[in-house]
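Spelled out from the first residue to the last, the chains are:
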Amino acid sequence: MKLKIKKNDIVEVLSGDDKGKSGRVLLVDPKKMTVLVEGVNIHVKHEKPNQRNQEGGRISKEFPIHYSNVLLVDSDKKATRVGFKKEKKGNDTVTVRYSKNNNKVI
C-alpha cells in the first residue's frame, strides 16, 4: 500500500502519550505501516558495553508509531488529511499530493 506520508514531512501525533506533539519523519516502513518521528515516542533502552557503545548504559531512543496515529502538517501549520490528484505538466500527467483543507499541492 502506498503511504501518504513520506520521509522529512512534518507530522502531528493524534493519539497516545505524545498526543499534540509534532516532529519530522525520520523513517517510513510501509510493510509494518509505521513511522519514526523525531522527538516522539522516546523510550529508555539499556545496552551492554560493546564495540559501538564502549560505555553502555541507558540510551534514549525514538521508537516507531503506527501510521494512522499521525497527520501531515501543511504550510499553514495545521494538521490536514492528504489526497492524491493528477495534474498536467506539459504533455505528461503527474500524480501529486494535496492538502484536503485548502487544496494546495504539498
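Please refer to the structure higher up on the page.
This report concerns the structure included in the present document. (Residues numbered from 1 in each chain as written. Predicted model: local features only at pLDDT ≥ 70, side-chain atom pairs only at ≥ 80, totals over all residues. Heavy atoms only, no water.)

**Considering the overall build of the protein chain**
Selection rule: Only DSSP runs of H or I with at least four residues qualify as helices, and only runs of E with at least two residues qualify as strands; both kinds are numbered from the N terminus onward. Here the globule rule is a power law, 2.2 Å times the number of residues to the power 0.38, and the radius of gyration is based on C-alpha atoms. Residue exposure (1.4 Å probe, protein chains only): buried if accessible area is under 20% of the type maximum, exposed if over 50%, otherwise partly exposed. Should any heavy atoms of two residues lie within 4.5 Å, those residues are counted as being in contact.
For the protein chain, the count of helices and strands is zero helices and 10 strands. Along the protein chain, helices (α) and strands (β) appear in the sequence β-β-β-β-β-β-β-β-β-β when read from the amino end. A compact globule built from 106 residues should have a C-alpha radius of gyration of about 13 Å, whereas the protein chain, at 17 Å, is more than 25% larger. Along the first, second and third principal axes, the C-alpha atoms of the protein chain reach 60 × 30 × 20 Å. Counting all 106 residues of the protein chain, 27% fall into the buried class. Of the contacts formed within the protein chain by residues at least 6 apart in sequence, a portion of 37% connects residues at least 24 apart.

**Points about the sheet that holds strand β6 (residues 65-66)**
What links the strands of a sheet is backbone hydrogen bonding, and the strands pair in either a parallel or an antiparallel sense. This is how the line gets drawn: What makes two strands pair is DSSP finding at least two bridges between them.
Taking strand neighbours across the sheet as the criterion, the six strands line up as β6-β3-β2-β1-β7-β8 in an open arrangement whose pairing is antiparallel. Looking along the sheet, the strands with just one partner apiece sit at the ends: β6 and β8 (79-80). Direction of pairing for strand β1 (residues 10-13) relative to strand β2 (residues 22-29): antiparallel, over a ladder of three bridges. Within the sheet, the bridge partner assigned to Val11 lies in β2 and is Gly23.

**Here we look at the nonpolar core**
Condition: Think of a nonpolar core as a cluster: buried Ala, Val, Leu, Ile, Met, Phe, Trp, Tyr and Cys residues, connected wherever their side-chain atoms sit within 4.5 Å.
Among the nonpolar cores identified, the biggest contains 13 residues, and Ile5, Val11, Val35, Val37, Ile65 and Val70 are the most heavily contacted of them. Within the residue set of this core, elements represented by two or more residues are β1, β3 (34-37) and β7 (70-73). Other than its neighbours up to four places away in sequence, Val70 contacts Ile5, Val11, Glu12, Val13, Leu14, Val35 and Ile65.

**Examining the packing of aromatic side chains**
Going by this rule: Centre distance within 6.5 Å is the pairing criterion for rings of Phe, Tyr and Trp, where only the six-membered ring of Trp is used; planes under 30 degrees apart are then read as stacked, over 60 as edge-to-face, and the remainder as tilted. Two conditions define a charge sitting above a ring: the NZ of Lys or the CZ of Arg must be within 6 Å of the ring centre, and it must be within 35 degrees of the ring normal.
Per the counting criterion, the structure on display carries zero aromatic pairs. Sitting over the ring of Tyr98, Lys85 keeps its end group 4.9 Å from the ring centre.

**Digging into the pattern of salt bridges**
If charged atoms from side chains of opposite charge come close, those side chains can pair. Condition: By definition, a salt bridge exists where a carboxyl oxygen of Asp or Glu is found within 4 Å of a side-chain nitrogen of Lys or Arg.
Inspection of every chain in the model, using the stated rule, returns four salt bridges. Across the pair Asp9 and Arg97 runs a salt bridge, and its minimum N-O distance is 2.9 Å. One end of the pair, Asp9, is in the segment before β1; the other, Arg97, is in strand β10 (residues 92-99), and 88 residues separate them in sequence. Accessibility assignment for this pair places Asp9 and Arg97 in one class, buried. Measuring nitrogen to oxygen at the nearest pair gives 3.2 Å for the salt bridge that ties Lys21 to Asp18. Among the residues examined, Lys21 registers a relative accessible area of 39% and is labelled partly exposed. On the basis of relative accessibility, which here comes to 14%, the residue Asp18 falls in the buried class.

**Regarding the side chain of Ser99**
Basically, it comes down to this: Counting of polar contacts relies on pairs of N or O atoms within 3.5 Å, with two restrictions inside protein: one atom must be capable of donating a hydrogen and the other of accepting it, and residues adjacent in sequence are counted only when both atoms are side-chain atoms.
By secondary structure assignment, the location of Ser99 is in strand β10. Of the polar contacts made by the side chain of Ser99, one reaches the side chain of Asn102; its length is 3.1 Å. Residue contacts for Ser99: discarding those within four places in its chain leaves Asp74, Thr80, Arg81, Lys104 and Ile106.

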